[in-house]
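Listed here are the chains, written in short residue letters.
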Amino acid sequence: MSTFYKSTATWVVDFRYDGRPRRWFKAFKPGTPVQQQMQAELQQLFGHHVHDVQARPATDDEERQYLRGEAQVNAMCPVGRAPVPDKTD
């Protein structure tokens, strides 16, 4: 993607909710302390249920999949979209 019009970067946030892996994709402006911000946001939303929060920039392939709306493994969306069921259940 051309960077001249893009003012944010997509990040992958992996965490464990009640021991089960979850993944969010979020966009952040450059210079944002993503790891600290996501740790605080997840703790505020889910309290002691959240552990092992890790944030990293999305790869180009991950960003394209996210923008196309393709399903994510172990997604848990805070805006009401149904999560993808775990295949281990």
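Moving on to the pattern of salt bridges. Under the criterion given, the structure shown has 5 salt bridges. One salt bridge connects arginine 23 with aspartate 14, and the closest N-O pair in it is separated by 2.6 Å. Its salt-bridge partner being arginine 64, residue aspartate 61 comes within 3.4 Å of it at the nearest N-O pair. You can see aspartate 61 and its partner arginine 64 sitting in helix H2 (residues 60-68), 3 residues apart, about one turn around the helix. Given the relative accessible area of 53%, aspartate 61 is considered exposed. The class of arginine 64 is partly exposed, set by a relative accessible area of 39%. One salt-bridge network, held together by shared partners, links Asp14, Arg23, Arg56 and Glu62.

Right, let's get into the environment of valine 13. Along the polypeptide, valine 13 turns up in strand E1 (residues 9-17). A residue is classified by how much of its surface remains accessible, and valine 13, at 0% relative accessible area, is buried. Each residue touching valine 13, except ones within four places of it in the same chain, is listed here: Arg22, Arg23, Trp24, Met38, Leu42, Val53, Gln54 and Ala55.

Ranked by size, the top nonpolar core spans 11 residues in total: Val13, Phe15, Trp24, Phe28, Val34, Met38, Leu42, Phe46, Val50, Val53 and Ala55. For this core, the secondary-structure elements that each account for two or more residues are E1, strand E2 (20-28), helix H1 (34-46) and strand E3 (50-57). In this view, valine 50 contacts Phe15, Arg16, Tyr17, Leu42 and Gln43; residues no more than four positions away in its chain are not counted.

The next subject is the sheet that holds E3. In spatial order, the strands read E2-E1-E3; together these 3 strands make up an open sheet with antiparallel pairing. For this open sheet the edge positions go to E2 and E3, each flanked by a neighbour on one side alone. Within the sheet, the average angular offset between the axes of one strand and its neighbour, ignoring direction, is 20°. Here 9 bridges tie E1 to E2, and the two strands are oriented antiparallel to one another. Paired with valine 13 across the two strands is tryptophan 24, which belongs to E2.

A word on H1. Across its 13 residues, H1 extends 18 Å between first and last C-alpha, which sits within 8% of the 18 Å expected from 1.5 Å per residue. Val34, Met38, Leu42 and Phe46 are the residues of H1 that are buried. Here the buried residues of H1 occupy an arc of 60° about the axis, which is enough to place them on one side. When the buried face of H1 is taken as reference, the exposed residues oriented beyond 90 degrees from it are Gln36 and Gln44.

Parameters at a glance
Residues numbered from 1 in each chain as written. Predicted model: local features only at pLDDT ≥ 70, side-chain atom pairs only at ≥ 80, totals over all residues. Heavy atoms only, no water. Salt bridge = Lys/Arg side-chain N within 4 Å of Asp/Glu carboxyl O. Helix = DSSP H or I, 4+ residues; strand = E, 2+ residues; numbered from the N terminus. Buried < 20%, exposed > 50% of the residue type's maximum accessible area, 1.4 Å probe, protein only. Contact = heavy atoms within 4.5 Å. Core = buried A, V, L, I, M, F, W, Y, C linked by side-chain atoms within 4.5 Å. Pairing = 2+ DSSP bridges. Axes fitted to C-alpha atoms, helices over the stretch in contact; angles between N-to-C directions. Expected span 1.5 Å × (residues − 1). Arc of directions from axis to C-beta.

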